[in-house]
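# Reading the structure
This is what each chain is made of:
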Amino acid sequence: MGRGGVAGASVLLVLVGAIAIAQHLPDKKTNKIDGSIVERWGDKFGTDLWHSLSQATRRESIQGQYDNSPELKVEKVDGFSLVRSMAAEVQIMMQHKIDAIKRIMELAENIALDHKYDKERGARLAEGRYYYINAKKLNVLPEGGSSGEGDVDRYLSQYRDSSSELYAPGYSSLVLTANPHFSGIPVNTSHSSVHVPTNVFDGEPKVINAIDWSKKLDDTFKDNYNRDPSLSWQYFGSSTGFLRQYPAIKWLTYDDDPDMYDARMRDWYIKSAASAKDVVILLDTSGSMTGLRKEIAKHVVLNIMETLGEDDFLTVLTFSDETRPLVECFTDADGEPELVQATTENIAEFTEAVNNIETEEIANFTAALSTAFNLLSRYRSGKARGGTGCNQAIMLVTDGVPYKYETIFQEHNQPRKSVRMFTYLIGREISDLEAAKYMACDNMGYFTHVTTLAEVKEQVLKYIPVMARPLVLLREQHPVRWTGVYADIEDPKTSRWLWNIRERARQKRRTENYRKIMALQREKDLHPNEDGESGQQVAALEMLTRLNDKGQMANFLTYGKWGLKDADIEKLNKEEERKERLVREIIDAKVEKWSIPPKHLSLAFREAQEKEGTFKGYKLMTTVSIPVYNKKNHTSLDVLGLKPNEIKNPFGKVRIAELLGVAGTDVPIAQIEKLIPPYKLGVNGYSFAVNNNGYILYHPDLRPMFQEILKPNYNSVDLSEVELIFNNRSEEPRQNDSALFQMRKEMVEQKDGVCNLTVKVHMDDMKRVTIREQHYFYHNISNTPFTLGIVFPDKYGKFRVSGGIEVNDPNNRQPGNGPSSYLSGDQWKLHPDWVYCEYNYGGQADRMFDSPETNMVHFLKRLEEEKNRFDWGQSRVRPLPKCQGNRAYHPDCMKLKKREVDENPDDEDIDVDDDDDGDDDVEGEEGLVDDDYEDEYDDGMINVGYCDKELVQALILDAKITKVFEEKTSRRVPAELFKLFGIKLSFVATRSGLTRWEEHTPPPAPNDPGYDEDTEFDPENPREPHFSEVNNEATDEVWYKRAVEYHYNNPDSFVFSVPFDIGDKRPTQVTATHAIFKGVGNQKAPAAVVGVEIDYDHFRDTFLNITNKVGPGISCADDTVECYVLDNNGFVVISEDKLNTGKFFGEIDGTVLNSLVINNVFRKIKVYDYQAICLESADYGSPASVILTPFRMIGMAFNWILANIAYTIIRFELHHLWNPDWTYAMPQMNDPTLVYDGDYYGYDYTAGEPGDSEAQTEQDAVVESEEAYEEVHEEYSPHDDQLIKEYMMKDGGLIPILQMTYINKTQPKPCDKEVFLYEMQEKVLRDLGRPLKGILRNCHDSSCERPFTVALIPNTNLILVAADTTCPCYSARITVSPAKVDYGPANETMYCEKLKTNLYRKKPHQCVNYHPQEDEISLCGSGCSVSLSPLLLLVLYLVSRLYH
């Protein structure tokens, strides 16, 4: 602990020691504040609020109707039966997705088998004589095809004007229609589209041929969608790089977001392409690995790690004269390297370390290879804990292998060859490739020669098909894989890119403030006039420029304002936080649950836009995928692009085991959660799911976003990181709780069970907390790696209110009093994420609704019209088919038609097995009962509707009970009541997700810009949204949850809150809510919550007026008394200083708060955030530093001269006169473009040779796009500003503020944070029976004393604190802002263990890592052509002349 920490602790101890609570001090002389008067203030205020708000909310009326309704009952919840039935529903839905991708896989394998390879297809594409729907080259036609051409002309670009750049070769035209089922993205459900990564050339024969045959998948895509309209995106990711996706879309791109997507790098592809693997990367760090070689090697390692998923394990070892772990933490107790799970955090550790490697000494391959083999052997034999127990591989990254090291391989890898060897040889002109190639070819691996940064990704990806060979050869097994949660097509690397853009914007704002100073100086006359009056002006400007007050200057650069005090800065910061929270609330209300908001989201949503469909962000989802194999056992050399003399084969055929790609479909998390109706779980109940690694698939505490970007570790959050166990004995981070870890282990093993845990539950952006005992029930989801869990609070979750109006009962069908009559008007909302009624397909015009309310009205009218004929539907998911003989469904009975290959090397043609019937319909299914099931399908699943009968009937009853809100005459309350307390709006929210409200103030004026719906959204000054815009989620709203939770502290109370840190910002409201329970004693459950919104100024003035009128002698208006009204979590609701409104009390008077903690008025609860993000410094040096010393400028000039010399040498090819690897460290003008921004890496390149015209064309396009990007988002540099250049030097000296202008660049990194939150214990004050009196002694140098009094405000969650101000006590400052957990050396082991992820996990079920026929495959890579240096040729020529 530093001196500052010791001093702070000492002050705190003195203050705490000075606190004396006088609970038995009746003598008023020792306490100037009369406790009885303070108690009377609180009693008066609380009693008036209770009676007034009860009338305003119709609390008694609604309570009575729920109590007396004969349709309602309180029933006990059978948690285990409930989770079992929910898991079964989810399993059926997921099985339909599995069946869909199996149909895609089956068709893909057969059409690829029949495809005729055409190597000229790429040339025809370039000439415009062949087309495919390229998602990045798609022209969107208006709906209806108003262009007037025929069907063919509308879709094929070659029939368009070839001179138009919009219809150049490769472009297509298509009608796209916004579809709410696909997040509002415009799609075409008649076609699929193809995405080709930036680094893949679609004209390459193998790529374009695969694109051609895969277009026949469209019929199966459409058939799958008709069978199961809940299907999300379907796709086929080819091993050649492209992605075919259905339905067709125009690829979504942004100017500030490069297209980094490559399907082969996604988790769903990698998991299906090969079984899990243990990987040891050997990185050569010897002295020869310098310059470009070093950069290429680093990127090879980074790309290898990017192809690993959470089921894989890896480590990276560097070797020169010694072999060392790249990350020291990743070693066992004996200091030996160990494998760690390939989680996002671990990959980040490796990435950071690999960017800091140093090269030295000579490479010792013997030691490196032996270490790697021994490490893998320990895991293979079970001596080491962890690993996959499946594939094992060594990835050797080096610039040269001197020997074959046959002895080592014979000792460690013979005869079984359990470890595959992949060699990556780095460098342009390496004469000896044989040793590296031998290592790979003789050990079931692959050899690649990587010569440029541009080809790194493609060369790295070549190892994946090799790892897939055993699966391909096995043929019969097509393992189905499920991913963890991820965000659609979002690439995690783009988060770093977007963060850098934010940093540049922050730098630009700061520099603009700097320019204001310069402009101010330039506009003034700096020369004294005849009167000498400008002398003071010059002195003032000199003072400004020389920065006599650095604090003020720093504040101006940051905030753009002069004369800021600490209080002003705090206010500005709080205002920014408030704006961010407000914007986040608005965005959350507009974006679907479990979705990532789209970039540059416009918040000016209008009804028309909603109906037309707007992109509402990427969905969080899981993906199910399956590998697709090439059924051919042999292929021609021409298809592989090999020369006939490269492989000795008299038939011109080569033995292969080829992975064609991976088929998959997405399952949005929202779709899973909709099968687990939240109304059955009740308020504060929730569901979650975990996978075989213990990571959550979804959970209410999953927080994937940080300031509009994805968190780096959002998809690897463990169950133990979201269920925060309460333990009185220990508050250390990441403590092992036996009950939690036992439950986690059983869920990972997919066992069923029940568990009780006491947890810390945080709310409101981790500013409020409560301790809650909860009951957990969990059940496996069959045929998936997931286990479903549901949770109920102990106090009120064991029972729930059930029942509703039976609409088919004739007694409930009175004329003009049908179900729809209960939901008339427009002052009501339904929970937007709950499924009341829906059609299976939302793409038809008459099936699309712009809101849940219009959807519900539509179905209610159908209920009234159809009466008993109305079909509720049995389930949201179609039941599974029956197996043959009417047996129950089992995946093994789903046998699709197989086509086998019997190839004769002597014959060019491909023969089909005799048992094939020759039918082209490859979508038939054997083993199923065809008739009834297919008839049901043919009837049209897309038109089938479904209504949750229990929920809809509960909704109708709740609507009937709460319709009293529309009946103005039913209220026996004078209108003055609303004006007196400033009640602007009253509302009710119910168990069925219904929210009603009633306005008590006139609507805003039409010209009021703050409330005009057509006003464009201004993020700098966001308007306060209407209550209904951001409070439509009923039981999921914080005010609903808090009211229900507080009911057990005081059932006759309203729960109050104000916006955090609102200060003097107006208008603002106070929210007060009260829970309506039904039942008696312990057998009761929440049914609804009533509440009001109160104008804050009226609310505050009412309280202050009471203190002025009640009790003689003192008042909160007195200068000698400070009054604070605090809520049950310690936030200020009322204060004499308006700036304190919404602020945490500890920030105002932490000393008094500490005294309340000591006396158990507040409970101090430590909460850890294991999903936190810390902004760590990423400053790579300020450009201003070049003017700090003349030596740096001289050095830069020298480097500039050297760079130009090097460029000249490269341009004229003089570099061949010496070692070429020295100069290739300088990028060449014609080299493919590299985008490299700090630790973010991404490539825009083509793998073609410079002489290849097709590749060169693709390369030019890449360079053009890169230049266009840089024009828009070039990093702002003050040195380019002419105005600033003029003032860089003054009187021979430097302007010191220039250096201050540069921000400290940051980068977001995962970390753990901790914070103490507070919860009031009302029972302590209630049991005391009178106000709590206290005195702060020895809290000031004058030895004065500061008395204070604390009293409950009855019927609320508030307390009143009145403190004497005549003694200026020093006050500790306590904040509720989370701080990073400083593990430090003492806790380094704990942090390291967290990284190594030693928590229990279950290995994937299937492992296929060997097949005996793999020895027949000789394809294991090849090197580039070997060329000799001209200098070496000259030497050889001279030597030869000497001998002649």
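The structure displayed is predicted, hence computed values, not measured ones. Within any chain, residue numbers begin from 1 and follow the written order of that chain's sequence. Only residues with pLDDT of at least 70 get local features here, since the model is predicted, and only at 80 or more are side-chain atom pairs given and counted; chain-wide, interface and lining totals rely on the full set of residues. To obtain the side-chain values, all non-hydrogen atoms of the structure were included, while hydrogens and water were left out.

## Examining the overall build of the chain
Going along the chain from the N terminus, every DSSP run of H or I of four or more residues is numbered as a helix, and every run of E of two or more is numbered as a strand. Regarding its fold elements, the chain presents 42 helices and 53 strands. Here's how the labels work: a residue is buried when its accessible area is under 20% of the maximum for its type, exposed when over 50%, partly exposed in between, all with a 1.4 Å probe on protein chains only. Within the chain, buried positions represent 55% of all 1444 residues. Shrake-Rupley sampling with a 1.4 Å probe provides the accessible areas, and residues are treated as covered by the protein chains on show and by no other component. Surface exposure of the chain reaches about 62,900 Å², of which carbon and sulfur atoms provide 50%.

## Observations concerning the sheet that holds strand β32 (residues 828–830)
A pair of strands counts as paired when DSSP detects no fewer than two bridges linking them. What the 6 strands build is an open sheet, ordered β32-β38-β37-β41-β40-β39; its pairing is antiparallel. Both outer strands of the open sheet, β32 and β39 (1055–1057), are each paired with one neighbouring strand and no more. Between one strand axis and the next, the sheet turns by 20° as a mean value, whatever way the strands run. One ladder, built from 3 bridges, connects β39 with strand β40 (residues 1069–1080); its direction is antiparallel. When the bridges of β40 are listed, Phe1056 appears paired with Ala1072. Those strands touched by helix α33 (residues 1096–1109) are β39, β40 and β41 (1083–1095), and its axis lies near 95° from that of β41. The axes used here are C-alpha line fits, helices contributing only the stretch in contact, and every angle between their N-to-C directions lies in the interval 0 to 180 degrees. Whether two residues are in contact is decided by their heavy atoms, any of which lying within 4.5 Å being enough.

## Focus on the sheet that holds strand β44 (residues 1162–1177)
Spatial ordering of the open sheet is given by β44-β49-β53, a layout of 3 strands whose pairing is antiparallel. Each of the sheet's edge strands pairs with one partner strand only, and the pair in question is β44 and β53 (1379–1380). Here 2 bridges tie strand β49 (residues 1306–1320) to β53, and the two strands are oriented antiparallel to one another. Within β53, the position partnered with Lys1313 by the bridge is Lys1380.

## What about the packing of helix α10 (residues 291–306) against helix α11 (residues 344–354)?
Between α10 and α11, whose axes approach to 10 Å, the crossing angle comes to 175°. The orientation of α10 relative to α11 falls into the category roughly antiparallel. Contacts between α10 and α11 involve Lys298, Val301, Leu302 and Met305 on the former and, on the latter, Ile347, Phe350, Thr351 and Val354. An angle below 35 degrees is read as roughly parallel, one above 145 as roughly antiparallel, one from 65 to 115 as roughly perpendicular, and any other as oblique.

## Structural notes on the nonpolar core
Take the buried residues of types Ala, Val, Leu, Ile, Met, Phe, Trp, Tyr and Cys, join any two whose side-chain atoms come within 4.5 Å, and each joined set is a nonpolar core. Core analysis: the biggest nonpolar cluster contains 159 residues, and Ile281, Val300, Leu314, Tyr424 and Ile672 have the highest contact counts within it. Take this core: its biggest share by element is 17 residues, from helix α4 (residues 79–114). Beyond its immediate stretch of four places on either side in the chain, Val300 contacts Val397, Tyr424, Ile426, Val450, Val456 and Val460. In terms of nonpolar packing, the next biggest core, distinct from the first, is built from 43 residues, Val769, Tyr1124, Val1161 and Ile1374 among them.

## Concerning the state of the cysteines
Only a pair of cysteine sulfur atoms within 2.5 Å counts as a disulfide in this structure description. Counted by the stated rule, this structure contains 6 disulfides. Note on cysteine connectivity: Cys1174 is disulfide-linked to Cys1311, with sulfurs 1.9 Å apart. Its S-S torsion of approximately 80° makes the covalent link between Cys1174 and Cys1311 right-handed. Here Cys1311 lies in strand β49 and Cys1174 lies in strand β44, a separation of 137 residues in the sequence. When its relative accessible area of 7% is taken as the criterion, Cys1174 is described as buried. Note that Cys1344 is cross-linked by a disulfide to Cys1367, the S-S spacing being 1.7 Å.

## Considering a negative patch on the surface
Together, Asp321, Glu358, Glu360 and Glu361 make up a negatively charged patch on the protein surface. With respect to the helices and strands, the residue Glu361 is situated in the loop between α11 and α12 (365–381). Residues form patches when they are more than 30% accessible in relative terms and have no salt bridge. Like charges link within 9 Å. Nonpolar side chains (Val, Leu, Ile, Met, Phe, Trp, Tyr) link within 5 Å. One side-chain nitrogen of Lys or Arg within 4 Å of one carboxyl oxygen of Asp or Glu is enough to make a salt bridge. Charged-residue counts in this description rest on Lys and Arg as positive and Asp and Glu as negative, His and the chain ends being excluded. Note on charges: their place is set at NZ of Lys, CZ of Arg, CG of Asp or CD of Glu.

## Things to note about the side chain of Asn1355
Of note, Asn1355 is situated in the loop between β51 (1346–1353) and β52 (1358–1364). Using a relative accessible area of 17% as the deciding quantity, one classes Asn1355 as buried. A polar contact is formed between the side chain of Asn1355 and the backbone oxygen of Asp1052, at a distance of 2.8 Å. For Asn1355, the contacting residues outside a window of four places in its chain are Gly46, Thr47, Trp50, Asn1050, Asp1052, Ser1053 and Phe1054. Within 3.5 Å is the distance limit for a polar contact, defined as a pair of N or O atoms, with the added protein rule that one can donate a hydrogen and the other accept it, and that residues adjacent in sequence qualify only through two side-chain atoms.

## Remarks on the packing of aromatic side chains
Here the aromatic set is Phe, Tyr and Trp, taking the six-membered ring for Trp, and pairing holds for ring centres within 6.5 Å; pairs whose planes are under 30 degrees apart are stacked, those over 60 apart are edge-to-face, and all others are tilted. Per the counting criterion, the structure on display carries 38 aromatic pairs. When the ring of Phe777 is compared with that of Phe792, the centres are 5.9 Å apart and the planes differ by 65°; the resulting orientation is edge-to-face. Pair noted here: Phe777 is in strand β29 (residues 768–780) and Phe792 is in strand β30 (residues 787–793), with a separation of 15 residues, a long-range link. For Phe777, a relative accessible area of 14% translates into the label buried. Following the ring pairs from residue to residue traces out a cluster consisting of Phe182, Phe221, Tyr225, Trp233 and Tyr246. Think of it as a cone above the ring: NZ of Lys or CZ of Arg counts as a charge over the ring if it is within 6 Å of the ring centre and within 35 degrees of the ring normal. Sitting over the face of the ring of Phe1077, Lys1084 holds its NZ or CZ atom 5.5 Å from the ring centroid.

## A few points about the side chain of Thr1071
With respect to the secondary-structure elements, Thr1071 resides in strand β40. If near-sequence neighbours (up to four positions away) are discounted, Thr1071 is found in contact with Phe987, Trp1039, Val1055, Phe1056, Ser1057, Val1092 and Glu1093.

## Section: the pattern of salt bridges
The final tally for this structure, using the stated rule, is 62 salt bridges. Across the pair Asp267 and Lys271 runs a salt bridge whose closest N-O atoms are separated by 4.0 Å. Taken together, the residues Asp267 and Lys271, both in helix α9 (residues 267–273) and 4 residues apart, mark about one turn of the helix. Owing to a relative accessible area of 9%, Lys271 belongs among the buried residues under this scheme.

## A few points about the packing of α12 against helix α13 (residues 406–413)
For the pair α12 and α13, the least separation of the axes is 10 Å and the interaxial angle reads 5°. Taken together, α12 and α13 sit at an angle that is classed as roughly parallel. Only Ile408, Phe409, His412 and Asn413 of α13 make contact with α12, whose side of the interface consists of Thr366, Leu369, Ser370, Phe373, Asn374 and Arg380.

## A short note on the environment of Leu1419
Looking at the secondary structure, you find Leu1419 in the loop between α41 (1388–1396) and α42 (1430–1442). Given a relative accessible area of 18%, Leu1419 falls into the buried group. The spatial distance from the C-alpha of Leu1419 to the C-alpha of Val654 is 8.3 Å, given a sequence separation of 765 residues.

## Considerations on the pairing of strand β11 (residues 313–319)
Burial within β11 is extensive, with 7 of its 7 residues counted as buried. A two-sided burial pattern is seen for β11, the buried positions comprising Phe313, Thr315, Leu317 and Phe319 on one face and Leu314, Val316 and Thr318 on the other. Relative to β11, strand β10 (residues 277–284) is paired through 7 bridges, and the arrangement is parallel. Bridge pairing links Leu283 to Thr318 in β11. For the handedness criterion, the β-α-β arrangement of β10, α10 and β11 is classed as right-handed. As paired strands, β11 and strand β13 (residues 340–341) are joined by 2 bridges and run antiparallel to one another. Bridged to Phe313 within β13 is Gln341. As paired strands, β11 and strand β12 (residues 323–325) are joined by 3 bridges and run antiparallel to one another. Within the sheet, the bridge partner assigned to Thr318 lies in β12 and is Arg324. Count of turn residues in the β11/β12 antiparallel hairpin: 3 residues. Crossover handedness is defined here as right-handed if the route from the first strand over the helix to the second strand goes clockwise, with the strands pointing away from the viewer.

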